[in-house]
Structure formats: structure tokens, C-alpha cells
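Summary of the model geometry
Below are the chains, spelled out letter by letter.
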Amino acid sequence: MDNDNTIPTIATAWGADVFPLLSWFRQGRLDRACVMVVGCGALGNEVLKNLALFGVGHLAVVDFDSVEPSNLTRSILFGRADAEARRAKVDAVAARIRAINPAIEVLPLRGDICHDVGLGLLRRMDVVVGCVDNRWARYCLNRLCMRAGVAWVDGGIDGLEGTARVFMPGRNCYACTLGPEALKDLSYRLSCSSVVRRNEAAGRAPTTPVIASVIGAVQAQEAVKLLHPDQLASGELTSLCGRMFYYEGQHCTSRVVEFAGYDDGCPEHERWQPVEETDLDTGQTVGEVLESLSARFGCRRVEIHLRNHCFVDYLLTRRDERRVEVMLPDYAVGRRVEEDPVLGGLPLHALYQHELKTLGPDFPYPELTLARVGIPPWDVLHVDTELGVRYVELADERAYSTFLYSQQT
């Protein structure tokens, strides 16, 4: 199935004659809006297509995967050529969104939301839409949105079933809705492509384009509602915040149920504010950044806390305590072990991992850059000083200058 030429290009004023007929709709608000969509699989395709048709002016798209042939039966924004070239999903959808609506600014970000997207970018979003396929990614996305003070819309599909929810800082939290078993299972990740291959081997289809369309439509609708806060406040619109939309296609049933969770003691609610902008960036060394921050704050003790990951400088084998240098953030250690000719046959539980969680005066590798220790571009640093905690934003936004400038204008 090749869908390369099925989507029309429309160059006229977007939605000017259609959507304003809805009493609550404000096209100008959507023109200026900045929405991040995390995940470009079947759900992400539907959400992005709908947001593009609505005329959302600025879309940041996050995914680390490539297009595979199995994606083509459920993903309208991918074509056969994308699968044959193993094109990055973010690049494929960016090209298709621009074909639908050339006025949209699209920022494709190939990476993992858990560790590759800086909080400086995310906190400038009006809404985030999560189209991810596992609990750990949702957990990380929820944590980032809570820190940034940004509402996000979650969606999930499995077979002919699907759900959609809205999480808002101060009102509803994904982490607070997880039970004990789900919390134990957080680190387990089975990618969409792995699900497809597993089910194909068993002679089953993991999901359908119809369920992706249903849930993706609800997610896009909820995102558009969140871009109309006055109408939500007046009651003209109602959000799914604190509730869950459930759809089951096998018997064509749907319902909305109360599904809120907000524990005041949950550490994931921590709001990082105020944020101080600096001219520091991830290309600078740890030593340079610490020196600059010490001078900026007038403090002798300055420590950067790695709040999303740790830095691993070496591993020890449990059996003979051989030391193997890795010098990588923890999320990259698994691949390093797989590629090592000596360690490749060992499971991770056969190794001791030496971790560093703080970058301070005692950090033994001050010559490493922030990027090398795993801090993503345009992140916000959690800095501890003798005068208290400070939140410092890096200046890597230069890479996104066109996207940001067009949003401001």
C-alpha cells in the first residue's frame, strides 16, 4: 500500500471559512499555538494529521524510531518509500504535515522523550500530546510536564480497545494513577515494532487503523480544547482531566469514567520555577559550567543534580571484578555492553554499575561536556547551592531559532 500521493495541499487561509462557525473556536489561538506530539506511530499519525487540519501553527514532533513496512497499514503520514529507506519517523511526518498545510512550522526531534528532550523546549509548549507505547515513557513525559507546568493528553491503544486521558499540573497526575504492579513494571519497555513482530508471528494484528483513528481524534480534540482555556473555564467546553474515555470496538461500546489521581505527597509534582535563562550550553565542560554558575550566584558550593539519569564511568564484573570503562549516561550502557566483545555475552545483572548523580567540585571528570554526561540540549539544570536550589536553563535554543521566532511573530 503506497499512500505517497493521497494527501492534498491546501494553501489558502487555513480554516478561515469553516472552523469559526463553531461558537467556541478561536483560529488565531491555534495559529499561535505550540504543541508537542511525542510518538509518531499509528496514534501519533492521527493526532498530527488532525492538528495539521485544525491549523495548529507550531508542531514539535518527538520519536526515535524509523518507518517500517508494518507501519504502513495504520499510519496515514507514511509511504512505501519511507519504509524502504528506513526514514526517521519524525522526518517523514514533518514532510507530510508541510504538504497538508505549508503554513505550519514543524520541528522534528529524533530522540527519546525520557532523556533527549530538554525542559527548556518543553516548558514553551502550550499542550503536549503523548502517543507512546509504554508506561515508562508516559511516566517520564508526565514528570517533565509537571516540572514545566504544561498539560498533556495521553492515549493508548491495544487491539480494538483504546483510552484517552488528560493530565494537568495541580489537578491530575499519571504517576498517581499507577498501582503497585504498574510501578514495578515501569522500566519494562516493549516497542511498537516489537509488538507488531510478536503478534505477526502469532498470526494476530496488534491494532487497527480504526482504533488509532478513534483515539487519535479524541486526543486531538482534547488538545484543541486545552488551547481554549477561557471556554473551558466558562463551561462551554469540558476536558477529560480527571476522567478517562474508553472505547471498545469489538462490540462498539464507549464510556467516560472518573479516573483521577493526585497525591499531594507525590514527588513527581515538583514544579521547577522560577527558571533562569543563561548563555551556557551543552557543549561546555562540567568544569566551565560550575565555574560560571559559582560566579553567577556568588556561591562557593555549586552542584548540578542529574534528576533524570545518572552517569556511569565504569562497570565491574561480579565474578572476577574486572573493571570496564564506559563513560556514558546510564541509558546508553545496555548498548555499550552488547557491543563489547568481552561483555557482550553477559546479562546486565552480572555487572556492577558505578554511578554518579551529582556534578560538583568532586566530580572526577570536569573535562567532559554536559552533552557527554547525558544532559540534552536546552535542558533546565537543577542546581544546589548554599543559598538554596536554582533552576538554570541552557541556551541551546539556537538550534530551534526559526521555530521559536515564527511562534513569537
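Read on for a plain summary of the structure. (Residues numbered from 1 in each chain as written. Predicted model: local features only at pLDDT ≥ 70, side-chain atom pairs only at ≥ 80, totals over all residues. Heavy atoms only, no water.)

**Comments concerning the nonpolar core**
Cut-off, in case you're wondering: As used here, the term nonpolar core means buried Ala, Val, Leu, Ile, Met, Phe, Trp, Tyr and Cys residues forming a set that is joined through side-chain atoms within 4.5 Å. Remark: exposure states derive from per-residue accessible area (1.4 Å probe, protein chains only) relative to the maximum for the residue type, with buried under 20%, exposed over 50%, and partly exposed in between. Per the convention used, a helix needs a DSSP run of H or I reaching at least four residues, while a strand needs a run of E reaching at least two, with both numbered from the N terminus.
Counting residues in hydrophobic clusters, the biggest one holds 51 residues, and the most contacted among them are V35, L48, L51 and V129. The set of elements that each furnish at least two residues to this core consists of β1 (34–38), α2 (42–54), β2 (58–63), α4 (89–100), β4 (127–130), β6 (161–167), α9 (209–226) and β7 (243–248). Examining the composition of this core, we find that seven residues originate from one element, α9, more than from any other.

**A few points about the packing of aromatic side chains**
This is how the line gets drawn: Pairing of aromatic side chains here covers Phe, Tyr and the six-membered ring of Trp, requires ring centres within 6.5 Å, and sorts the geometry by plane angle: under 30 degrees stacked, over 60 edge-to-face, intermediate tilted.
Applying the stated criterion across every chain, the model contains ten aromatic pairs. Arranged with centres 5.1 Å apart and planes meeting at 20°, the rings of W272 and Y391 form a pair that is stacked. Of the two residues, W272 is situated in the loop between β8 (253–258) and β9 (275–277) and Y391 in strand β16 (residues 388–393); the sequence distance between them amounts to 119 residues. The residues W272 and Y391 share a single accessibility class, namely buried. Considering the side-chain rings of F311 and F363, the 6.1 Å spacing of their centres and the 65° angle between planes classify their relative orientation as edge-to-face. Of this pair, F311 sits in strand β11 (residues 311–317) while F363 sits in the loop between β14 (358–359) and β15 (380–385), placing them 52 residues apart in sequence.

**Re the sheet that holds β16**
Rule in force here: The pairing criterion for strands is at least two bridges between them, as found by DSSP. Contacts between residues were defined by any pair of non-hydrogen atoms, one from each residue, lying within 4.5 Å. Convention adopted: a line fitted to C-alpha atoms gives each axis, helices being fitted over their contacting stretch, and angles between N-to-C directions are expressed from 0 to 180 degrees.
A sheet is described by the order of its strands in space; here five strands give the open sequence β9-β16-β15-β10-β14, paired in mixed fashion. Here the strands that pair on one side only, and so sit at the sheet edges, are β9 and β14. As judged from the two bridges shared by strand β10 (residues 302–305) and β14, these two strands associate in the antiparallel manner. Within β14, the residue paired with I304 across the bridge is L359. Each of β9, β10, β14, β15 and β16 touches helix α11 (residues 286–297); the most contacted strand, β10, lies at about 125° to it.

**Regarding the sheet that holds β11**
Within the open sheet, the three strands sit side by side as β12-β11-β13. Their pairing is antiparallel. Looking at strand neighbours, the two that pair on one side only are β12 (323–329) and β13 (351–356), the edges of this open sheet. Recorded for the sheet is a direction-independent mean angle of 25° between the axes of neighbouring strands. Of the pairings in the sheet, the one linking β11 to β13 comprises six bridges and is antiparallel in character. What sits directly across from F311, in β13, is L356.

**Describing the pattern of salt bridges**
Rules: In the sections that follow, a salt bridge refers to a side-chain nitrogen of Lys or Arg positioned within 4 Å of a carboxyl oxygen of Asp or Glu.
Going through the model one piece at a time under the given rule, you end up with 18 salt bridges. The salt bridge partner of R124 is E277, with a shortest N-O separation of 3.2 Å. Separated by 153 residues along the polypeptide, R124 in the loop between α5 (119–122) and β4 and E277 in strand β9 bring together distant segments of the chain. Within the structure, one salt-bridge network assembled from shared partners comprises R123, R124, E277 and E393.

**A short note on the state of the cysteines**
What counts, and what does not: Our working definition of a disulfide is a cysteine sulfur pair at a distance within 2.5 Å.
The full count for this structure, using the stated rule, is zero disulfides. Take C176: it sits in no disulfide, and the sulfur closest to it among the cysteines is that of C173, at 3.7 Å.

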